[in-house]
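# Coordinate analysis (summary)
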Amino acid sequence: MKKFMMFFILMTMLLNPLQAFGAPSGFDGGVNNEYQYEEIVFITGKPMKFSGELDVKVSESRSGDTETVKYTYNLTDKDETIKTKLTRQITLVTEYIERDDKGQATAQTTLRRYSEKIDIGKDKYVLEDFQFSKADVIDKRPASDFYSGNLEGRKFYKLNRDEGEVVVTISGGNVGYENFWGSTETQIINYYITSKRKVTDEENNTEMVSWGGSVKAEVSDSMTKRLVYSENEATLSSFYGGYIRTTNREMVSRYEYDLPRIRDNIPDSKKRLQDSISLSAKMVPRVERLPVPKFRDVMGHWAEEYITKLYSLDVFDESPNFFTPEVPMTRVEFTKGVIRACDIRSSMEDDKNKRSSRRKEPPEESPFKDVQVEDEDFQYIKQGLEKNIIAGVSNDLFDPKGPLTRAQAVTILIRALGFGGRAPNPGYYTSFSDDDKIPSWARDSVYVAREIGIIQGDSYNRFNPGKIMTRAESSAMLVRFLEFLEKDLQQDYRENIILYN
């Protein structure tokens, strides 16, 4: 999972969708924007908000199977009347093991280097030992990567050399996704703190005082792209308006804690502090103007907004004057649209480079008799077949110019998400009134598509699996698919986990 760098490095990564993984910095529940990082520190038993500079450096091995991330923190609690300072350097190394046969990868993260010092008034906490281990599994689907992980750790601090110690036990996990339209990672981490320190009373008697507390940190980092229509303010212009694509990044965090009430380093054995603290930080949005569609046959059409959105996003590259919204959508046109909507073109470029470097190998052959390697859309069909998004109408025929049915369209979209396995065991009903008309190969996809809101029934609650889809209807379904990638995944991976306001 790609980490982001502070200041100009952070913004550079925002400009590059291939490095846009939303992932919180480190594992301390903190948040940051381009200018400042802040987190809550509980080492004294009292919540203290430290803020300041965070620098993150990311490097990869040449083979791309190892990633090293170095975090450097320089923080202080500006609200405290006493002098405070936190310096921390952590280097984590992640090794990735590709499982291409399963369309997955595993990742193992270990700690390479660490140092941490926290000054709070006259007290100095020094990190003497840090044990840390984290493991993730990444499921690589054509439209989006989904991942989940678990972590365990323990920090051991010395207080003023020999006056005491603090042990912080760490456990938790993370979930996340990344696609061209956005990325979110949410971490839920539990900390259990035990503290022992020598306390001298007024009569110069010394005793060892101990206390324990717990903290639950929930932090989420999200990057999303949104399409916003902007009217042309000029009256005498060649176009009325166009779409703006904005890239937004936001981090939200919440700490829930249960700590003893401490006065003069003495914990109260009966009274506890139980509360929560929330943090948030936003990046400056990035704005991009998109091409302006000028179709003469969609103005006032019920699908005008869907069609113009897809044209602005280069999902469709039709002639500049006519879209023909009521003409049937063909199988190859829809395949091409889904590949472009998922931004799988980068891997297509890689294929072209590989072919150019393998000139001595036998010429490429098409898997279908009715699709030639020289066809301009061959690479889209090839990518769709290799990623199991599409299938032929028979073993050796694709029928590229054939009309697209609703059952075919829904199956392609759910395969792109990799959600086919989310359907119940065979024997279920889809709840559509024409359930018995849905072919067996499309049944799982239709069920899941309705569950996640990509499709709905007509006024008679029919799915109409064999109905030929027009280009307008296909555009509307593709936009709902993109909205799922833009909004619904973030809702599930952030708001549904953190009580976000």
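Predicted model only: the values in this text are computed from it and were never measured. (Residues numbered from 1 in each chain as written. Predicted model: local features only at pLDDT ≥ 70, side-chain atom pairs only at ≥ 80, totals over all residues. Heavy atoms only, no water.)

Here we take up the overall build of the protein chain. When you go through the protein chain residue by residue, the secondary structure sums to eight helices and 14 strands. For the protein chain, the spread of C-alpha atoms along the three principal axes comes to 95 × 60 × 50 Å. Considering the protein chain as a whole, with its 501 residues, one finds that 50% of them fall into the buried category. Nonlocal contacts in the protein chain, meaning residues at least 24 apart in sequence, comprise 66% of its contacts between residues at least 6 apart. As displayed, the protein chain offers around 25,400 Å² of accessible surface, 47% of which is attributable to carbon and sulfur atoms. Each charge sign in the protein chain was given a centre, from 71 positive and 80 negative side chains, and these centres are 2 Å apart. (Helix = DSSP H or I, 4+ residues; strand = E, 2+ residues; numbered from the N terminus. Buried < 20%, exposed > 50% of the residue type's maximum accessible area, 1.4 Å probe, protein only. Contact = heavy atoms within 4.5 Å. Areas by Shrake-Rupley, 256 points an atom, 1.4 Å probe, with all protein chains shown as cover. Lys, Arg positive; Asp, Glu negative; His and termini not counted. Charge placed at Lys NZ, Arg CZ, Asp CG, Glu CD.)

All right, on to the nonpolar core then. Soluble globular proteins tend to pack their nonpolar side chains together in the buried interior. With 67 residues, the main nonpolar core has Leu-417, Ile-454 and Phe-481 as its most contacted residues. Going through the elements one at a time, α2 (304-312), α3 (331-341), α5 (378-386), α6 (406-417), α7 (440-451) and α8 (471-495) are the ones with two or more residues in this core. With 10 residues, the single largest contributor to this core is α8. Leaving out residues up to four positions away in the same chain, Phe-481 has contacts with Ala-143, Cys-342, Leu-413, Ala-416, Leu-417 and Ile-454. Counting residues in hydrophobic clusters, the runner-up holds 44 residues, among them Val-69, Tyr-191, Met-251 and Tyr-257. (Core = buried A, V, L, I, M, F, W, Y, C linked by side-chain atoms within 4.5 Å.)

This part covers the pattern of salt bridges. Overall, the coordinates contain 32 salt bridges when judged by the stated rule. Here Glu-218 makes a salt bridge to Lys-216, at a shortest N to O gap of 3.7 Å. Accessibility expressed as a relative area gives 4% for Glu-218, which makes it buried. A relative accessible area of 31% means that Lys-216 is categorised as partly exposed. Residues Asp-258 and Arg-272 are paired through a salt bridge, measuring 3.0 Å at the closest nitrogen-oxygen approach. Here Asp-258, found in strand β12 (residues 241-263), pairs with Arg-272, found in strand β13 (residues 266-282); they are 14 residues apart in sequence, far enough to count as distant. (Salt bridge = Lys/Arg side-chain N within 4 Å of Asp/Glu carboxyl O.)

Here the focus is the confidence of the model for the protein chain. Detail in the predicted coordinates should be disregarded across regions flagged by low pLDDT. Per-residue confidence for the protein chain averages 88 on the pLDDT scale, and 91% of its residues sit at or above 70. A low-confidence stretch, residues 1-21 (pLDDT under 50), is modelled with 73 contacts involving residues beyond four sequence positions or located in other chains. (pLDDT = per-residue confidence, 0-100.)

Overall, the coordinates contain 19 aromatic pairs when judged by the stated rule. Ring centres of Tyr-177 and Tyr-493 lie 5.1 Å apart, and the angle between their planes is 70 degrees; on these two criteria the pair is classed as edge-to-face. With Tyr-177 in strand β9 (residues 164-179) and Tyr-493 in helix α8, the pair connects residues that are 316 residues apart, well separated along the chain. For Tyr-177, a relative accessible area of 0% gives the class buried. On the basis of an interplanar angle of 40 degrees and a centroid distance of 5.4 Å, the ring pair of Phe-368 and Phe-398 is categorised as tilted. Placement of Phe-368 in the loop between α4 (345-356) and α5 and of Phe-398 in the loop between α5 and α6 is noted, with a sequence separation of 30 residues between them. With respect to burial, Phe-368 and Phe-398 carry one shared label: buried. Ring pairing ties together the aromatic residues Phe-27, Tyr-114, Phe-130 and Phe-132, which thus form one cluster. (Phe/Tyr/Trp six-rings, centres within 6.5 Å; stacked < 30°, edge-to-face > 60°.)

Moving on: α2. Looking at α2, one finds that the buried residues are Ile-307, Thr-308, Lys-309, Leu-310, Tyr-311 and Ser-312. Looking at the buried positions of α2, the neighbouring elements they touch are β11 (206-231), β12 and α8. Phi turns positive, to about 65 degrees, at Asp-314, one or two residues after α2.

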